[in-house]
Amino acid sequence: MSAARDPRPLTGEPLALDLLNTRWNKEGATQDLLADPEGLAVWLASNGLDGAHAADVDALSHLRQAREALQTAVDGSLTQGAPLVDAVLAHGRIRARLTEDGAAEEPEFADRSWGPAWLAARNYLDLLREAPDRIRTCAHETCILHFYDTSRNGTRRWCSMAACGNRAKASRHYARSKEI
């Protein structure tokens, strides 16, 4: 059975930011993909995690906890968010192995329902190591989406030029035309 289509306006961001983007604004109301296990199934499928992780109430609860921890770290402060993210990371670890192909690392969980939450928290650490200044919140005043700025010069401001960027340009144009 396949999961429903992902209704979110922005997908494909790194796992940690994609988890934050399970909340978005639509016509003045905040939507939440993780309101129920069906939404969790959609999120897992969108991130290629549906084969390895079940969309059950425990995984949903853990993922919501991870989302709040990441939200605090990204939109609040690392000082406040660090213990919350660490609490999620405490439920898994990386196991180093030597395989025929060479060195390998694989995540291990005492409780598999922590898997998706742990993977998102771990991905946030990777983003912080790579380029913490590229983790951004959309500059549009009504948008709550996050993105990882992969633009060459690192000046991306909008979650999407087609949506928020275009609205901002249209608003500026309207304001200029009223001044004339």
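Up top is the structure.
Residues numbered from 1 in each chain as written. Predicted model: local features only at pLDDT ≥ 70, side-chain atom pairs only at ≥ 80, totals over all residues. Heavy atoms only, no water.

Participant: Can you lay out the overall build of the chain for me, pointing to particular residues and giving the numbers?
Facilitator: The helix and strand inventory of the chain stands at six helices and six strands. Going residue by residue from the N terminus, the α and β elements of the chain occur as α-β-β-α-α-α-β-β-α-β-β-α. Per-residue burial for the chain yields a buried fraction of 37% across its 180 residues. Contacts spanning at least 24 positions in sequence make up 48% of the contacts within the chain whose residues lie at least 6 apart. (Helix = DSSP H or I, 4+ residues; strand = E, 2+ residues; numbered from the N terminus. Buried < 20%, exposed > 50% of the residue type's maximum accessible area, 1.4 Å probe, protein only. Contact = heavy atoms within 4.5 Å.)

Participant: So what's going on with the pattern of salt bridges? Residues and values would help.
Facilitator: Under the defined criterion, the tally for this structure stands at 11 salt bridges. Between Arg129 and Asp126 there is a salt bridge; the shortest N-O distance is 2.5 Å. Here Asp126 and Arg129 lie together in helix α5 (residues 115–130), a separation of three residues that amounts to about one turn. Residue classification places Arg129 among the exposed residues on the basis of a relative accessible area of 56%. Among the ionic pairs, Asp149 bridges to Arg136, the shortest N-O distance being 2.6 Å. In this pair, Asp149 sits in the loop between β6 (146–148) and α6 (161–179) while Arg136 sits in strand β5 (residues 135–137), placing the two residues 13 residues apart along the sequence. A relative accessible area of 1% means that Asp149 is categorised as buried. What you see here is one network of salt bridges that share partners, running through Arg93, Arg95, Arg97, Glu106 and Glu108. (Salt bridge = Lys/Arg side-chain N within 4 Å of Asp/Glu carboxyl O.)

Participant: Break down unusual backbone geometry for me, with residues and values.
Facilitator: In this structure, Glu27 is a non-glycine residue whose phi angle is positive, near 55°. Along the polypeptide, Glu27 turns up in the loop between β1 (23–26) and β2 (29–32).

Participant: Explain the pairing of strand β4 (residues 102–109) to me, and be specific about the residues and the numbers.
Facilitator: Relative to β4, strand β3 (residues 92–99) runs antiparallel, the two sharing eight bridges. What sits directly across from Arg93, in β4, is Glu108. The antiparallel pairing of β3 with β4 creates a hairpin that spans two residues between the two strands. (Pairing = 2+ DSSP bridges.)

Participant: Hey, could you go over the side chain of Asp6 for me, with residue numbers and the actual values?
Facilitator: Within the secondary structure layout, Asp6 lies in the segment before α1 (15–20). A distance of 2.7 Å separates a polar atom in the side chain of Asp6 from a polar atom in the side chain of Arg8. A distance of 2.7 Å separates a polar atom in the side chain of Asp6 from a polar atom in the side chain of Ser46. Not counting residues up to four positions away in its chain, the partners in contact with Asp6 are Thr11, Leu33, Val42 and Ser46. (Polar contact = N/O pair within 3.5 Å; in protein donor to acceptor, adjacent residues only side chain to side chain.)

Participant: Mind laying out the nonpolar core, listing which residues take part and the relevant values?
Facilitator: Grouped together as the largest cluster of nonpolar side chains are 42 residues, with contacts concentrated most on Leu19, Leu40, Trp43, Leu70 and Cys159. Elements represented by at least two residues in this core include exactly α1, α2 (37–46), α3 (57–76), α4 (78–89), α5 and β6. Among the elements that take part in this core, α3 stands out by supplying seven residues, more than any other. Non-local contacts of Cys159, meaning those with residues more than four positions away in its chain, are made with Leu10, Cys138, Cys143, Leu145, Phe147 and Cys164. (Core = buried A, V, L, I, M, F, W, Y, C linked by side-chain atoms within 4.5 Å.)

Participant: Explain the packing of aromatic side chains residue by residue, including any values.
Facilitator: Inspection of the entire model under this criterion finds one aromatic pair. Here the guanidinium or amino end of Arg156 rests over the ring plane of Phe147, the centre of that ring lying 4.0 Å away. (Phe/Tyr/Trp six-rings, centres within 6.5 Å; stacked < 30°, edge-to-face > 60°. Lys NZ or Arg CZ within 6 Å of the ring centre and 35° of its normal.)

Participant: Kindly report on the side chain of Asn123, identifying the contributing residues and their values.
Facilitator: Mapped onto the fold, Asn123 is located in helix α5. A distance of 2.9 Å separates a polar side-chain atom of Asn123 from the backbone nitrogen of Ala16. Excluding residues that lie within four positions of it along the chain, Asn123 makes contacts with Pro14, Leu15 and Ala16.

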